[in-house]
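Each chain is listed here by its residues.
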Amino acid sequence: MKKIVETILLAYLCLFMVTGCDTYKKIDFEVQTEDKISIQLRTNDKYDVTKNLPFIITKEEETISQGTFITLEEYNLYVEAAKSNENITIIAEKEKDNLEYVFYSHNDSEYNYIIKIKNSNTGILLVNTVSQESEEACFKELKISKKS
């Protein structure tokens, strides 16, 4: 019996080591719209996020992105401005989970997400001056939601 238990434990340990485990850093913010917004960042690839505003996302201690909360009115103004500015290229306009977003490049030197959190009065402006690839990778690691 002891041999069977040891074999099962060893099998689970091997499975855990092969599949790994995602780790997240979660920060809750009360923002100017009176919404409570939760930001979770997957930290497996050495990402980190600060608790201060604007929040800063780093990878291996290098600043990748900065985020600030905006109202829905500001969200609409940012989207309208992005779509009408000749120096801005819209890269994507999509939905992800409970988010609607516009991803754009400004003069191929700044890569930003304008994010609307569904069922809330809040949006986020996520700004990156490193590269399109680093901003996309950073956004992929984020989970953003309104807390009930």
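Our subject is the structure listed above.
I will try to describe carefully the structure that is included in this document.

A word on the sheet that holds strand S10 (residues 142-146). Across the sheet, three strands lie side by side as S1-S2-S10; this open sheet has antiparallel pairing. A single partner strand is all that each edge strand has here, and the edge strands are strand S1 (24-30) and S10. Averaged over neighbouring strand pairs, the angle between their axes works out to 15° when direction is ignored. As paired elements, strand S2 (residues 36-42) and S10 share five bridges and run antiparallel to each other. Across the sheet, the residue bridging to isoleucine 37 is lysine 146, located in S10.

On to unusual backbone geometry, then. Cis geometry marks the peptide bond from leucine 53 to proline 54, where omega comes out at -5°. We note that glutamate 61 has phi near 70°; this positive angle belongs to a residue other than glycine. Relative to the assigned elements, glutamate 61 resides in the loop between strand S4 (55-59) and strand S5 (62-71).

Read from one edge to the other, the open sheet built from seven strands follows the order S3-S4-S5-S9-S8-S7-S6, with strand pairing classed as antiparallel. Among the strands making up the open sheet, the edge pair consists of strand S3 (47-49) and strand S6 (88-96). Direction aside, the axes of adjacent strands within the sheet are offset by 20° on average. Direction of pairing for strand S7 (residues 99-106) relative to strand S8 (residues 110-117): antiparallel, over a ladder of eight bridges. Paired with serine 105 across the strands is tyrosine 111, a residue of S8. Most of the contacts of helix H2 (residues 72-84) go to S5, to which it runs at about 120°, and overall it touches S5, S6, S7, S8 and strand S9 (122-128). Helix H3 (residues 132-140) contacts S3, S4, S5, S6, S7, S8 and S9 of the sheet and is inclined by roughly 25° relative to S8.

The rules we used
Residues numbered from 1 in each chain as written. Predicted model: local features only at pLDDT ≥ 70, side-chain atom pairs only at ≥ 80, totals over all residues. Heavy atoms only, no water. Pairing = 2+ DSSP bridges. Helix = DSSP H or I, 4+ residues; strand = E, 2+ residues; numbered from the N terminus. Axes fitted to C-alpha atoms, helices over the stretch in contact; angles between N-to-C directions. Contact = heavy atoms within 4.5 Å.

By themselves, these figures tell us nothing about what the structure is for.
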